[in-house]
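In case you want the letters, here they are:
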Amino acid sequence: MSEPISRRRFLELGAATAAVPHFHVPVRRRAPAPAAVSSANGLRSVQIAVEKMRAGVSPVEAAVLGIEPVENDPEDDSVGYGGLPNEDGVVELDACVMDGPTGLAGAVAALRNVKNPAKVALLVLRRTDHVLLVGEGALRFARAHGIPEENLLTEASRRKWLAWKESRSKTDDWLEPGENEPAGARPKVERKTGTIHVGCVNEAGDLGGATSTSGLAFKIPGRVGDSPLIGCGNYVDNEVGVAGSTGRGEAVILTNGAAYVVHAMRQGRSPTDACLDACRRVVACTRIPRLLDGKGRPDFQVNFYAVNKAGVTGAAALFPSRHARMTANGPELVDSAALFER
Ligand code: ASP
């Protein structure tokens, strides 16, 4: 393990590179302990992911294995089995994975009847020349690889869907003419969201990340959120770090959230500051009145999570929130930085 370079040497190198902007300075770092960061529903996921990396599993696969028990958990109605369905009462899952060392990614969207979409996304990465498969094509691909199919709608989720369907009108995603315009308005509706993202770094400093979700509850069938979109719900740059997101997917797509966080880290921002930058970007890009509260702030939540190549984790959200991490201190559930108070 090499020692970090001295401050004086660093400044000398900095002066040298100022004159030659494209010269890459090979700053040697201390090797990180394996670390993982996750959304708050991933406390066991980060533990599993780090254990797997210690056993030699790659970061991207460790992230997928960490996510699997959450996808299988019927009590988590935002991910995998038991996820809340679309407006037709059908569960449609989204997931993506990205591998730092190869720079490859795999994703599935609007996948039905398969409870572990992150595993199928990993198969897309490993066994196709594509990045994203959707709907029927994704299901047929999973079937070809022998992935079992099952009904993902639990009795509890079916009851919640039925209650929504019986009372819907202003609570669905179909807008009337004018509602998306500057003078438009809409009654505020609480909609259940939730997702799991796990970002991992191993001892060699290699990175991987995965994100899995059932998406927005009662969405229009075929709606795809940020979670399976590379650069939105998950992004990895093996020289820099991993980032992922949860919350209102539309806002994350419109800002390319995870890529924004990673690019900010590339500019030297810490993981938490980079996540805060992305939150500010979401605020700046949210202009439609029906998405703003009485104080002109977004009336929805977005969370970003990040871990850099040195194993430093961080997270931030628009409003107070928590995240899970596993570092040398062990597994912890901790507060994220927040832009606004509730
Ligand atoms: N980001 C997910 C989506 O929009 C939902 C969530 O994380 O709550 O599909």
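Given the structure is predicted, the values throughout are model-derived calculations rather than measurements.

**Q** So what exactly am I meant to see when it comes to helix α3 (residues 59-72) here?
**A** Think of an α-helix as 3.6 residues a turn; residues three or four steps apart then line up on the same face. Spanning 14 residues, α3 covers 21 Å between terminal C-alpha atoms, matching the ideal 20 Å at 1.5 Å per step. In terms of burial, α3 is a largely internal element, 10 of the 14 residues being buried. Buried within α3 are the following residues: Pro59, Val60, Ala62, Ala63, Val64, Gly66, Ile67, Glu68, Val70 and Glu71. In this fold, the buried residues of α3 make contact with α2 (43-54), β2 (93-99), α4 (117-127), β5 (196-201) and β6 (207-213).

**Q** Could you clarify how one ought to interpret the pairing of strand β11 (residues 322-327) in this entry?
**A** Sheet faces and side chains relate simply in a regular strand, where the side chains alternate between the two faces. Summarising the sheet, strand β1 (residues 35-39) and β11 pair through four bridges and their orientation is antiparallel. Residue pairing across strands places Ala36 opposite Met326, the latter belonging to β11. Where β11 meets strand β12 (residues 330-335), six bridges bridge the pair, whose relative direction is antiparallel. From the neighbouring strand, Met326 faces β12, where its bridge partner is Pro331.

**Q** How should I be thinking about the site of the ligand in this particular structure?
**A** Near the ligand you find Thr193, Gly194, Thr195, Gly215, Leu216, Arg223, Gly225, Asp226, Ser227, Thr246, Gly247 and Gly249, and these make up its full shell. Between Arg223 and the ligand, the recorded distance is 2.7 Å, taken from a side-chain N or O atom to an oxygen atom. In this structure, an oxygen atom belonging to the ligand sits 3.0 Å away from a main-chain N or O atom of Gly249. Isolated, the ligand exposes 270 Å² of accessible area, and the fraction of that covered by the protein chains is 99%. For the shell around the ligand, a count of residues per class yields one nonpolar, nine polar and two charged.

**Q** Could you clarify how one ought to interpret the pattern of salt bridges in this entry?
**A** One side chain can pair with another of opposite charge once the charged atoms of both are near each other. For the structure shown, the criterion picks out 17 salt bridges. Note that Glu92 is salt-bridged to Arg112, the shortest N-O span being 2.8 Å. Taken as a pair, Glu92 in the loop between α3 and β2 and Arg112 in the loop between β3 (105-111) and α4 lie far apart in primary sequence, 20 residues in all. We classify Glu92 as buried; its relative accessible area is 3%.

**Q** Looking at this structure, I do not really get the nonpolar core. What am I missing?
**A** In globular proteins that are soluble, nonpolar side chains generally tend to be buried together. Formed by 35 residues in total, the largest nonpolar core has its most connected members in Val97, Val108, Leu111, Val120, Val198 and Cys200. Elements with a contribution of two residues or more to this core: α2, α3, β2, β3, α4, α5 (135-144), β5 and β11. Tallying contributions element by element places α4 first for this core, with seven residues.

**Q** Please clarify how the pairing of β6 should be interpreted in this entry.
**A** With seven of its seven residues buried, β6 lies for the most part within the structure. Here β6 shows no split at all, with Leu207, Gly209, Thr211 and Thr213 on one side and Gly208, Ala210 and Ser212 on the other all buried. Sheet topology places β2 next to β6; six bridges connect them, and they run antiparallel. The residue of β6 that forms the bridge with Cys96 is Thr211. For β5 and β6, the ladder comprises six bridges, and the chain directions are antiparallel. Residue Cys200 lies in a different strand from β6, and its bridge partner there is Gly208. What sits between the antiparallel neighbours β5 and β6 is a turn of five residues, in which Gly205 has the positive phi angle 85°.

**Q** Would you mind going over the sheet that holds β11 with me for this structure?
**A** Adjacent strands of a sheet form backbone hydrogen bonds with each other and so pair up, either parallel or antiparallel. Taken together, eight strands build an open sheet; the order of strands is β4-β3-β2-β6-β5-β1-β11-β12 and the sheet is mixed. Edge positions in the sheet fall to β4 (132-134) and β12, since each has one partner strand and no second. With direction set aside, neighbouring strand axes in the sheet form an average angle of 10°. The strands touched by α3 within the sheet are β2, β5 and β6, with β6 carrying the most contacts at an inclination of about 25°. Contacts between α5 and the sheet are confined to β3 and β4, with β4 contributing the most and set at about 105° to the helix.

**Q** Would you take a moment to explain the packing of α2 against α3 for this structure?
**A** The packing of two helices is summarised by the inter-axis angle and the distance between the axes. The contact between α2 and α3 brings their axes to 8 Å, and the two run at 145°. Seen along the crossing, α2 lies across α3 with a hand that is right-handed. Of the residues in α3, those touching α2 at Arg44, Ser45, Ile48, Ala49, Lys52 and Met53 are Pro59, Ala62, Ala63, Leu65, Gly66, Ile67, Pro69 and Val70. Along the lines of polarity and charge, the residues of the contact of α2 with α3 split into 10 nonpolar, two polar and two charged.

**Q** Where do I start with the packing of helix α8 (residues 257-266) against helix α9 (residues 271-285) in this structure?
**A** Running from N to C, α8 and α9 point in directions that differ by 135°, and their axes come no closer than 8 Å. Judged by the inter-axis angle, α8 sits oblique to α9. Viewed along their axes, α8 and α9 form a crossing whose handedness is right-handed. On the side of α8, the interface is formed by Gly257, Tyr260, Val261, Ala264 and Met265, while α9 contributes Pro271, Ala274, Cys275, Asp277, Ala278 and Arg281. Across the contact of α8 with α9, the residue classes tally to eight nonpolar, one polar and two charged.

Procedures and definitions
Residues numbered from 1 in each chain as written. Predicted model: local features only at pLDDT ≥ 70, side-chain atom pairs only at ≥ 80, totals over all residues. Heavy atoms only, no water. Helix = DSSP H or I, 4+ residues; strand = E, 2+ residues; numbered from the N terminus. Expected span 1.5 Å × (residues − 1). Buried < 20%, exposed > 50% of the residue type's maximum accessible area, 1.4 Å probe, protein only. Contact = heavy atoms within 4.5 Å. Pairing = 2+ DSSP bridges. Near = heavy atom within 4 Å. Polar contact = N/O pair within 3.5 Å; in protein donor to acceptor, adjacent residues only side chain to side chain. Areas by Shrake-Rupley, 256 points an atom, 1.4 Å probe, with all protein chains shown as cover. Nonpolar A, V, L, I, M, F, W, Y, C, P; charged D, E, K, R; others polar. Salt bridge = Lys/Arg side-chain N within 4 Å of Asp/Glu carboxyl O. Core = buried A, V, L, I, M, F, W, Y, C linked by side-chain atoms within 4.5 Å. Axes fitted to C-alpha atoms, helices over the stretch in contact; angles between N-to-C directions. Left-handed = near helix turned anticlockwise from the far one by under 90°. Parallel < 35°, antiparallel > 145°, perpendicular 65-115°, else oblique.

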